[in-house]
Amino acid sequence: MNIFDTWYFPARLAWRQLIHDRPKLIAAISGVLFACVLVFMQLGFKDSLYASAASMPLKLDGDLFLVHQQSEAMWRPAQFKRSELMRALGHPAVAEVIPLYLSLATFKAMDTQVKRTLMVYGFDPDTDLLDVEAIKELKHALRLKDTVMFDEYSRPEFGPVGELLASGQNRTEVNDYKVTILGVFQLGISFAADGNIVTSDLNFLRIFPNRSIHDIDVGIIRLHPDTSIQQTKIELRKLLNDFVKIYTYEEILEHELLYWENAAPIGFIFNFGTIMGLIVGMVIVYQILFTEITNYRFEFATLKAMGYQHHYFVRMVFASAFILAVLGFVPGFLLSNSLYYLAESQIFIPMPMTVGKIVTVFVFILFMCAIAGLLAINRLKSANPADMF
Amino acid sequence: MVIEVNNLNFSFGSGTLTQPVLKGVNITIQKGEIVLITGPSGSGKTTLLTIIGGLRQAMNGSVRVLDKQLVNSTEQDKVKIRRQTGYIFQQHNLLKSLTALQNVCMTLEMYHDLTEYERQYRAQKILAAVGLEDRFHYFPEALSGGQRQRVSIARALVGKPKIILADEPTASLDRQSGHEAVEILKQLAKESKTTILLVTHDYRILDVADRVVELEDGVIKTV
């Protein structure tokens, strides 16, 4: 008696019983499908919101990043002295250091004149600090006085900047300071700011007259090629004061994501949605399995009288749960895939269907059905042949 | 000796609500014998049958079936007896989501040493023997009462059991099909020298028995 046989026969009987009652099977599959789509959408929104929250650091072109230890997240930094960043130049592996200034400011919409808050990034355009093609192309023009570039992915409340630029309108106010918009780029918004503009470090200081060039928000370090990032990080640690934290590219991304996941309630909201979806799905599957066992308990008692043992029925229940999980997951995945596509094309949120997500949801659904099966097994005890014949 | 019951007592309930059903039952059945147990409703016929079939646990007396003591036995011992026993129920008790052939195969699927082909072959042969060679792929709801009971007989016999226990197999059948079913059962059992213990109060089928035993108020009256 091998493993295959011990599972094959109960699974086959479970399958035959499931397909015998089509309406109930469809109801069960719909339950799993519902849970599946709900979980896919929750995870999709969560991931895409996280991804957009980290859209700025994602584009930063650097090897190591300095932030003040009091900075909770990049959008509300504590400033530190520029000289601290310059100290890093003392390390032989360091090729270049770039200060980044950032601050929230009001932006006056060119069409409606309504003021709304967005994020302003200031850095020396010659350094190509942001790996965004449109900004690199205009880096010489950005050196001019009072020029900025606008993020096309900002919320529509800032006005149709691209169209207005094309029609020749390019003057507005940022922080009540008159600027000229040179062009647009594509970056993406976060929970912290509804829009972004990029300007040179010198223009940044003009827009924010109370800021000093000596107080920077993030320090970016580029290393010489063929030097170890980890090793340099350890050595820089000894060189720099304790109040700055040193992150690698991966670490600063993770730091930003963790902030949104933990400090902000966004992670909780979507996790809650995911769990609710799984619970609803589990209750539906449990109900189906429970009534299945109730309806078939005479047959189970008959099989017991023929010599079948309890574990056979336990396997049958789990096989039913597994079959329902698979049958519900496949259409659930296909439907979610189209919904992701719809979200991307209609509401402009990037929602990639990754293998990792597919596996995660499938494991969730399997787990959900297994728990439902586990709960339903109790009902098997009612199938006692002595009480029935 | 295939079945040997000595001084078997059995009661339902506990304490003051104890309801004795079997009061010192003694019965011995030889290999290949066909024994009918009759008696009025509530006389304990079915209870006796379920104890002999290893479906119900008896606490005192002695019930030896195929040289195994069933009184105070373990679940494993009872499972062993169930597997060597073909049980025919009052209602046919077929699995409604399986075809006639698949139902008969359920008896054989407990034994993993058979191939799928062997199972199918044996099931088809026995179904043909009960006269259902053209009904292999019918679901129970598409079969008549008599046909269903014949599938149920085939299911009980296909595992080549040493004992057949039948609980009022003709209760839900008309005279004609009831008699047919019992005749088929008898004929197939005689061929393979299978012992049959049949509970009934259907006096129309008494003629198939080698011996008729009457159970009344938990006591065997005539042997």
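A brief report on the enclosed structure follows. Numbering of residues begins from 1 in every chain and follows the order in which that chain's sequence is written. Working convention: letters from A go to chains and numbers from 1 go to ligands, in the order in which they are written. In view of the model being predicted, local features appear only for residues whose pLDDT reaches at least 70, and side-chain atom pairs are presented and counted only at 80 or more, with totals across whole chains, interfaces and linings using the full set of residues. Note that the side-chain values use all heavy atoms of the structure and ignore hydrogens as well as water.

1. A word on a nonpolar patch on the surface
Residue and element names in this part refer to chain A. Taken together, the side chains of Phe268, Ile269, Phe272, Ile275, Met276, Ile279 and Val283 define a hydrophobic patch exposed on the protein surface, amounting to about 670 Å² of accessible area. Secondary structure follows DSSP: runs of H or I at least 4 residues long count as helices, runs of E at least 2 residues long count as strands, and numbering of each begins at the N terminus. Tracing the backbone through its elements, the reader meets phenylalanine 268 in helix α10 (residues 266-295). By relative accessible area, which is 57% here, phenylalanine 268 ends up exposed. Like charges are joined within 9 Å and nonpolar side chains (Val, Leu, Ile, Met, Phe, Trp, Tyr) within 5 Å, but only among residues with over 30% relative accessible area and no salt bridge; these make up the patches. What sets the accessible areas is the Shrake-Rupley method with a 1.4 Å probe; for residues, cover comes only from the shown protein chains. Note on definitions: salt bridges are taken to be side-chain nitrogens of Lys or Arg within 4 Å of carboxyl oxygens of Asp or Glu. Relative accessible area decides the class of each residue, using a 1.4 Å probe on protein chains only: under 20% of the type maximum gives buried, over 50% gives exposed, and in between gives partly exposed.

2. Quick look at the pattern of salt bridges
Following the criterion strictly, the structure yields 28 salt bridges over all chains and no others. With its nearest N and O atoms 2.8 Å apart, the salt bridge here joins A:Glu72 to A:Arg76. Classification of A:Arg76 as partly exposed rests on a relative accessible area of 42%. Where A:Glu157 meets A:Arg155, a salt bridge forms, and the shortest distance between an N and an O atom there is 3.1 Å. Looking at A:Glu157, the relative accessible area reads 37%, which means it is partly exposed. In this structure, a network of salt bridges that share partners links the residues A:Arg12, B:Glu109, B:Glu116 and B:Arg119.

3. Focus: the packing of helix α3 (residues 100-108) of chain B against helix α4 (residues 116-129) of chain B
Packed helices, taken two at a time, are described by the angle their axes make and the gap between the axes. All names here are of chain B. As a packed pair, α3 and α4 sit with axes 9 Å apart at the nearest point and diverge in direction by 120°. You can see that α3 and α4 cross each other, and the crossing is right-handed. Counted together, Ala100, Leu101, Val104, Cys105 and Leu108 of α3 and Arg119, Gln120, Arg122, Ala123, Gln124, Ile126 and Leu127 of α4 form the full contact between these two elements. Classifying every residue of the contact of α3 with α4 gives 8 nonpolar, 2 polar and 2 charged. Structural elements are reduced to axes, namely lines fitted to C-alpha atoms, with helices fitted over the stretch in contact, and the angle between N-to-C directions of any two is expressed from 0 to 180 degrees. In a left-handed crossing the near helix is turned counterclockwise from the far helix by less than a right angle, and in a right-handed crossing that turn is clockwise. Only heavy atoms matter for contacts: two residues are in contact if any of them lie within 4.5 Å across the pair. Residue polarity follows a fixed list, in which Ala, Val, Leu, Ile, Met, Phe, Trp, Tyr, Cys and Pro are nonpolar, Asp, Glu, Lys and Arg are charged, and the others, Gly among them, are polar.

4. Considerations on helix α11 (residues 297-306) of chain A
Residues and elements named next belong to chain A. A large share of α11 lies buried, amounting to 8 of its 10 residues. Here α11 has its buried residues at Glu299, Phe300, Ala301, Thr302, Leu303, Lys304, Ala305 and Met306. A positive phi of about 120° marks glycine 307, the residue just after α11.

5. Quick notes on helix α2 (residues 75-83) of chain B
Listed as buried for α2(B) are B:Lys78, B:Val79, B:Ile81 and B:Arg82. In a view along the axis of α2(B), the buried residues occupy a sector of 160°, so they form one face of it. Tucked into the core, α2(B) has its buried residues touching α11 of chain A together with α1 (45-52), β4 (60-65), β5 (68-69) and β6 (85-88) of chain B. Arc definition: directions from the helix axis to the C-beta atoms.

6. A word on the interface of chain A and chain B
With 23 residues of chain A at the contact, the number on the chain B side is 26 residues. Joining two parts hides part of their accessible area as seen by a 1.4 Å probe, and the buried area is that hidden amount summed over both. For the pair chain A and chain B, the summed buried area comes to about 2500 Å², and 57% of that belongs to carbon and sulfur atoms. Run the count over chain A and chain B and you get 2 salt bridges. Ionic pairing is found between B:Glu109 and A:Arg12, a salt bridge with its closest N-O pair at 2.3 Å. For this analysis, a polar contact is any N or O atom pair within 3.5 Å, provided that within protein one partner can donate a hydrogen and the other can accept it, and provided that sequence-adjacent residues contribute only side-chain to side-chain pairs. Taken together, chain A and chain B are joined by 8 residue pairs in polar contact (both at pLDDT 80 or more). Contributing elements (two or more residues each) for the side of chain A that touches chain B: α1 (3-20), α11 and α14 (385-388) of chain A. The leading source of residues in the side of chain A that touches chain B is α1(A), at 7 residues. Grouping the amino acids of the side of chain A that touches chain B by side-chain chemistry returns 12 nonpolar, 6 polar and 5 charged.

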